[in-house]
Amino acid sequence: MHAALASGLIFTAFLHFCFGQVPFLGPCPEMHTMSDFETNKYLGKWYEAERYFSVFEFAGKCVSANYTVGEDGRLTITNKQTSSLTGIQSTMEGEVRLEERMDSSKLNVRFPSLPVWHLAVLIDAPYWILETDYENYSVVWSCTNFGLFSTRNAWILTRARYPTLEVMEQAYGVIDRNAISRAYFIRTDQNNCPEKY
Ligand SMILES: *[C@@H]1O[C@H](CO)[C@@H](O)[C@H](O)[C@H]1NC(C)=O
Ligand SMILES: CC(=O)N[C@H]1CO[C@H](CO)[C@@H](O)[C@@H]1O
């Protein structure tokens, strides 16, 4: 009994360590995604307003993502962030794939530039856009099943670095409609950021 609990805790810590996501007991919950997603309207820059807490990101501020389509038609995400501890800016490029049909908002993202010791490099992480109005907010969900556990991550992205309360309320509405716990969200520090970040 105690051994099972202990190994469960160790496994949970392992998931958190490897994937920087919040581990939950139980499988990924059902989520409602967009069925008429328009990639072109989603392109460009998004600022991270809030995200699920994860140990690996705690020191990141001024987080933004720029979605672009290359000449070959491939979708790329360029993440930028500044370490709150060191002030060092970093950029990470991810490859985006569509998980199913063209008009589905179920995307997959892989960051080939992540250090090899980071296991996430081996998998395509689900990156589901639950809802966006393309102009103000986007709510993104990621969940992966690991047997009895699932690891979960969520983000609120906004077009403005300092979104209005009205915009945030719309994003919270999406979160509530999908029964996502708000308890794990932390606000991303977007103050005193370098101009291009
Ligand atoms: C996003 O990336 C594209 C392609 O690299 C670049 O042309 C554009 O200026 C970037 N947008 C922002 C807001 O950084
Ligand atoms: C609620 C809100 O702030 N909506 C804005 C979304 O973005 C468009 C385009 O920038 C604005 O016109 C809306 O006012």
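What you see is a predicted model, and the numbers here were worked out from it, not measured in a lab. (Residues numbered from 1 in each chain as written. Chains lettered and ligands numbered in written order. Predicted model: local features only at pLDDT ≥ 70, side-chain atom pairs only at ≥ 80, totals over all residues. Heavy atoms only, no water.)

**A word on the pairing of strand β7 (residues 125-132)**
Within β7, 6 of the 8 residues are buried, which leaves the element mostly enclosed by the surrounding structure. Pairing of strand β6 (residues 106-110) with β7, which is carried by 4 bridges, proceeds in the antiparallel orientation. When the sheet's bridge partners are listed, Val-109 is paired in β7 with Ala-125. Here β7 pairs with strand β8 (residues 137-146) via 4 bridges, running antiparallel. (Buried < 20%, exposed > 50% of the residue type's maximum accessible area, 1.4 Å probe, protein only. Helix = DSSP H or I, 4+ residues; strand = E, 2+ residues; numbered from the N terminus. Pairing = 2+ DSSP bridges.)

**Let's talk about the site of ligand 2**
Neighbouring ligand 2 are the residues Glu-135, Asn-136, Glu-166, Val-167 and Gln-170. Contacts to ligand 2 include Asn-136, whose side-chain N or O atom sits 2.4 Å from an oxygen atom. In the complex, 48% of the free accessible area of ligand 2, which totals 360 Å², lies under the protein chains. Each residue belonging to the shell around ligand 2 can be placed in one class, and the counts come to 1 nonpolar, 2 polar and 2 charged. (Near = heavy atom within 4 Å. Polar contact = N/O pair within 3.5 Å; in protein donor to acceptor, adjacent residues only side chain to side chain. Areas by Shrake-Rupley, 256 points an atom, 1.4 Å probe, with all protein chains shown as cover. Nonpolar A, V, L, I, M, F, W, Y, C, P; charged D, E, K, R; others polar.)

**Brief notes about the site of ligand 1**
Residues in contact with ligand 1, as listed here, are Lys-45, Asn-66 and Thr-68. Here an oxygen atom of ligand 1 sits 2.3 Å away from a polar atom, N or O, in the side chain of Asn-66. Summarising the interface, the protein chains cover 32% of the accessible area of ligand 1, which totals 360 Å² for the free molecule.

**A look at the environment of Trp-155**
Along the polypeptide, Trp-155 turns up in strand β9 (residues 149-158). Separated by 13 residues in the primary sequence, Trp-155 and Ser-142 have C-alpha atoms spaced 8.8 Å apart.

**Describing the state of the cysteines**
All told, the structure shown has 2 disulfides when counted by the stated rule. Paired by a disulfide, Cys-28 and Cys-143 hold their sulfur atoms 2.1 Å apart. Taking the torsion about the sulfur-sulfur bond, which here is approximately -95°, the covalent link between Cys-28 and Cys-143 counts as left-handed. Within this pair, whereas Cys-28 is found in the loop between β1 (22-25) and α2 (39-42), its partner Cys-143 is found in strand β8, the two being separated by 115 residues in sequence. Through a disulfide, Cys-62 is tied to Cys-193; the S-S separation comes to 2.0 Å. When the S-S torsion is -90°, as for the bridge of Cys-62 with Cys-193, the disulfide is left-handed. (Disulfide = S-S within 2.5 Å.)

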